[in-house]
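One letter stands for each residue in the lines below.
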Amino acid sequence: VGAGLGIAFTDQSFVYGPGININDNDTNFAGQVIVGVAYDLTERVSLTLDGRYQRIFDAASPRLTAAGVNTGNVTGDIDNFGVNIGLRFKF
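Read on for a plain summary of the structure. All figures in this text were calculated on a predicted structure; none of them were measured in a lab.

This part covers the environment of Val69. Note that Val69 resides in the loop between strand E3 (45-65) and strand E4 (70-89). For Val69 and Ile20, which are 49 residues apart along the polypeptide, the C-alpha to C-alpha distance reads 9.5 Å. Excluding anything up to four places from it in sequence, Val69 contacts Arg63 and Leu64.

The following block contains the structure:
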């Protein structure tokens, strides 16, 4: 079990409705929670499995028309959940 706080760098580039584009990068506060297990395959090798929930808080990007006119900002939190499988080697 683990948790972390830090800084996240986002780079967003997508179409937000007809003729509206989001293309920006941002730096925001972020946090994560990790839960995982390990199974010893040998004395020196373990199989690992963990799940990580991450949230980037208050990401904001300008909303631009096809002509490049700013029509406001899109703001919100970005959530991510990932599962990792790996091998751990002990030296």
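From this point, the discussion proceeds with the structure in view.
Looking now at the sheet that holds E4. Taken in spatial order, the 4 strands line up as E1-E2-E3-E4 in an open sheet, and their pairing is antiparallel. Looking at strand neighbours, the two that pair on one side only are strand E1 (2-15) and E4, the edges of this open sheet. Averaged over all pairs of adjacent strands, the angle between their axes in this sheet comes to 20°, without regard to strand direction. Two elements, E1 and strand E2 (residues 20-40), share 14 bridges in a ladder whose sense is antiparallel. Across the sheet, residue Ser13 finds its bridge partner in E2, namely Asn23.

Before going further, it helps to examine unusual backbone geometry. Residue Asp58 is not a glycine yet carries a positive backbone phi of 55°. Mapped onto the secondary structure, Asp58 falls in strand E3. On the basis of relative accessibility, which here comes to 59%, the residue Asp58 falls in the exposed class.

Attention now moves to the pattern of salt bridges. Counted according to the given criterion, the structure contains 4 salt bridges. The shortest N-O distance in the salt bridge between Asp77 and Arg55 comes to 3.5 Å. Of this pair, Asp77 sits in strand E4 while Arg55 sits in strand E3, and the two are 22 residues apart along the sequence. Accessibility expressed as a relative area gives 37% for Asp77, which makes it partly exposed. With a closest N to O distance of 2.5 Å, Asp79 and Arg55 form a salt bridge. On the criterion of sequence distance, the pair formed by Asp79 in strand E4 and Arg55 in strand E3 is long-range, its members being 24 residues apart. A relative accessible area of 42% places Asp79 in the partly exposed class. Through salt bridges with shared partners, a single network forms among Arg55, Asp77 and Asp79.

The next subject is the pairing of E4. Walk down a regular strand and you will see the side chains alternate between the two sheet faces. Relative to E4, E3 is paired through 17 bridges, and the arrangement is antiparallel. Each residue of the ladder has a partner; that of Pro62, found in E4, is Asn73.

With respect to the helices and strands, the residue Ser61 is situated in strand E3. For Ser61, a relative accessible area of 2% puts it in the buried group. Looking at Ser61, its side chain comes within polar contact range of the side chain of Gln12, at 3.2 Å. Setting aside residues up to four positions removed in sequence, Ser61 forms contacts with Gln12, Ile22, Asp24, Gly72, Asn73 and Val74.

What counts and how
- Residues numbered from 1 in each chain as written.
- Predicted model: local features only at pLDDT ≥ 70, side-chain atom pairs only at ≥ 80, totals over all residues.
- Heavy atoms only, no water.
- Helix = DSSP H or I, 4+ residues; strand = E, 2+ residues; numbered from the N terminus.
- Contact = heavy atoms within 4.5 Å.
- Pairing = 2+ DSSP bridges.
- Axes fitted to C-alpha atoms, helices over the stretch in contact; angles between N-to-C directions.
- Buried < 20%, exposed > 50% of the residue type's maximum accessible area, 1.4 Å probe, protein only.
- Salt bridge = Lys/Arg side-chain N within 4 Å of Asp/Glu carboxyl O.
- Polar contact = N/O pair within 3.5 Å; in protein donor to acceptor, adjacent residues only side chain to side chain.

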